[in-house]
Amino acid sequence: MQETRAAITGIGAYLPSYRLTNEEISTMVDTTDEWIMQRIGIKERRILKEKGKATSDMGTEAVKQLLEKTNTRPDEIELLICATITPDRPFPATANIISRKARLTNAWSYDISAACSGFVFALTTAAKFIECGQYKKVIVVGADMMSAITDYTDRSTCPLFGDGASAVLLEPTTEDVGIIDHMNHTDGKGRHYLHVKAGGSKMPTTPETLQQRMQYVHQDGQTVFKYAVSRMADVAVDIMKKHDITPDKLAWLVPHQANMRIIDAVARRMKISREQVMINIENYGNTTAATIPLCLYDYENQLKKGDNVILAAFGAGFTWGSMYLKWAYDTNK
Ligand code: UT7
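Please read these numbers as outputs of a predicted model, since none were measured by experiment.

**Q** Sorry, what's going on with the overall build of the protein chain here?
**A** Each helix and strand counted, the protein chain has ten helices and 13 strands in total. Against the globule reference of 20 Å for 333 residues, the protein chain gives a C-alpha radius of gyration of 19 Å, in line with a compact fold. Over its C-alpha atoms, taken along the principal directions, the protein chain stretches across nearly 60 × 45 × 40 Å. Within the protein chain, the proportion of its 333 residues that are buried is 56%. Excluding contacts between residues fewer than 6 apart, the proportion of contacts in the protein chain whose partners are at least 24 apart in sequence is 76%. Summed over all atoms, the accessible surface of the protein chain reaches about 14600 Å², with 49% contributed by carbon and sulfur. Across the protein chain, the 39 positively charged side chains and the 39 negatively charged ones have centroids separated by 3 Å.

Okay, structure coming up:
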């Protein structure tokens, strides 16, 4: 009999309605639509503008939609893991708040902080609880409100990021589908190149840190770009080779959406065509932990049961990883 695997059996998502266009960004900093499209490939991003709303609100909407789509009662969920680097507060975990708001009365929950690799790391972790036979229904949320930590006076970072959330349901399967393997990595030397400087135990917030705008994302873009291309391509090619997935056998690459040039470079290294790559960066920008599940959500109708799918991510830390799965269902919408 086939071993028990964890399979994604549904996806929900939430995107704020406000669209921050390149034209509007050009009124805030010295940039142009042409520069942003050529160097990054983003046209607009969604921004959570409603006063008092936070990452948990987006995550909750994604979870509610997921439960509805999959005909799942909230009390059936046993565990919820939320990947985020923009929690509502330093503590308690945003996952706890989502669980409460979505009425997951029987679930325990916690956050995972792995920046743009957060969804892949959280999915890896969640899959283990299913594979070992302990749980039957686990939710993984990728949610980030990047506008809360983006400096809209810094032209080198503010065009990059957007807000959004997506959630997947994981259930056991003994069919030849589901999550087959992962290859995840971290290297803490990357902490120097992409980070928020203040607001943690190393440098608590003071009037001085605020004045120096240290509560926002700082990035050495060129260094991060270089590592993102090489590490993401390496790990995606490694998992392809390990499982003998030649380019013609791959249905979809689902890459983290940070920069169109990074996505193209990874696809080239994997020797696959753009038609095999899920891309929505133009519409949402980099939503950090939400990019990969938002791609799955947008392409759900095109995914077919048995499709070979590779997820690939790279982010702050540095963190990076890939996952190989066979898609578990056909969508009849
Ligand atoms: O999610 C994972 C983490 N993030 C990433 O993977 C992002 C990785 N990095 C990148 O995507 C790119 O490095 C950026 C998009 C951030 C920057 O693109 P770049 O091609 O590496 O630009 P650069 O930093 O080398 O800057 C080139 C020029 C500079 O001008 P000079 O010094 O040549 O005169 C910048 O000042 O472009 C200038 N520049 C801009 N010009 C217009 C930087 N930002 C802008 C801008 N508009 N928004």
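The structure having been displayed, the exposition proceeds.
**Q** What is the right way to look at unusual backbone geometry in this model?
**A** One can expect most non-glycine residues to show negative phi and most peptide bonds to be in trans. Each neighbour pair has its own omega, and for Phe91 with Pro92 the value is 0°, a cis peptide bond. Tracing the backbone shows Pro92 in the loop between β4 (79-83) and α4 (94-101). At the junction of Gly317 and Phe318, the peptide bond is cis and its omega measures out at -5° in the coordinates. Summarising the element assignment, Phe318 is placed in the loop between β12 (308-315) and β13 (319-326). Backbone geometry at Arg103 places phi at a positive 60°, although glycine is not the residue there.

**Q** Which parts of the structure should I look at to understand empty space enclosed by the protein?
**A** A probe as big as a water molecule, rolled over the atoms, marks out the empty space that is left. All told, the structure shown has one cavity of 30 Å³ or more when counted by the stated rule. In terms of lining, the largest cavity is formed by Ala6, Ala7, Ile8, Gly178, Ile179, Leu325, Lys326, Trp327 and Ala328. Only β1 (5-14), β8 (178-186) and β13 provide two or more residues apiece to the lining of the largest cavity. Ranked by the residues each element gives to the lining of the largest cavity, the list is headed by β1, at three residues. For the lining of the largest cavity, a count of residues per class yields seven nonpolar, one polar and one charged.

**Q** Can you walk me through the domain arrangement of the protein chain in this structure?
**A** How big an interface is tends to be stated in terms of accessible area lost as the parts join. Entries for the protein chain in the domain assignment read domain 1 (5-175) and domain 2 (180-326). Using only C-alpha atoms to locate each centre, domain 1 and domain 2 end up separated by 14 Å. Each partner contributes to the interface: domain 1 provides 49 residues, whereas domain 2 provides 44 residues. Here domain 1 packs against domain 2, burying approximately 3800 Å² in sum over the two surfaces, 63% of which is carbon and sulfur. Two residues, Asp151 and Arg213, come together in a salt bridge whose shortest N-O distance is 3.0 Å. Taken together, the connections running from domain 1 to domain 2 amount to 19 residue pairs in polar contact (both at pLDDT 80 or more). Top element by residues in the side of domain 1 that touches domain 2 is helix α5 (residues 118-131). It accounts for six residues. Across the side of domain 1 that touches domain 2, the residue classes tally to 23 nonpolar, 14 polar and twelve charged.

What counts, and at which threshold
- Residues numbered from 1 in each chain as written.
- Predicted model: local features only at pLDDT ≥ 70, side-chain atom pairs only at ≥ 80, totals over all residues.
- Heavy atoms only, no water.
- Helix = DSSP H or I, 4+ residues; strand = E, 2+ residues; numbered from the N terminus.
- Rg over C-alpha atoms; globule rule 2.2 N^0.38 Å.
- Buried < 20%, exposed > 50% of the residue type's maximum accessible area, 1.4 Å probe, protein only.
- Contact = heavy atoms within 4.5 Å.
- Areas by Shrake-Rupley, 256 points an atom, 1.4 Å probe, with all protein chains shown as cover.
- Lys, Arg positive; Asp, Glu negative; His and termini not counted.
- Charge placed at Lys NZ, Arg CZ, Asp CG, Glu CD.
- 1 Å grid on protein atoms, 1.4 Å probe; cavity = no way out; pocket = protein on both sides within 12 Å on 5 of 7 lines; lining within 4 Å.
- Points joined across faces, edges and corners; volume = space filled by probe spheres on them.
- Nonpolar A, V, L, I, M, F, W, Y, C, P; charged D, E, K, R; others polar.
- Domains from an automatic or database assignment.
- Buried area = accessible area lost by both parts, 1.4 Å probe.
- Salt bridge = Lys/Arg side-chain N within 4 Å of Asp/Glu carboxyl O.
- Polar contact = N/O pair within 3.5 Å; in protein donor to acceptor, adjacent residues only side chain to side chain.

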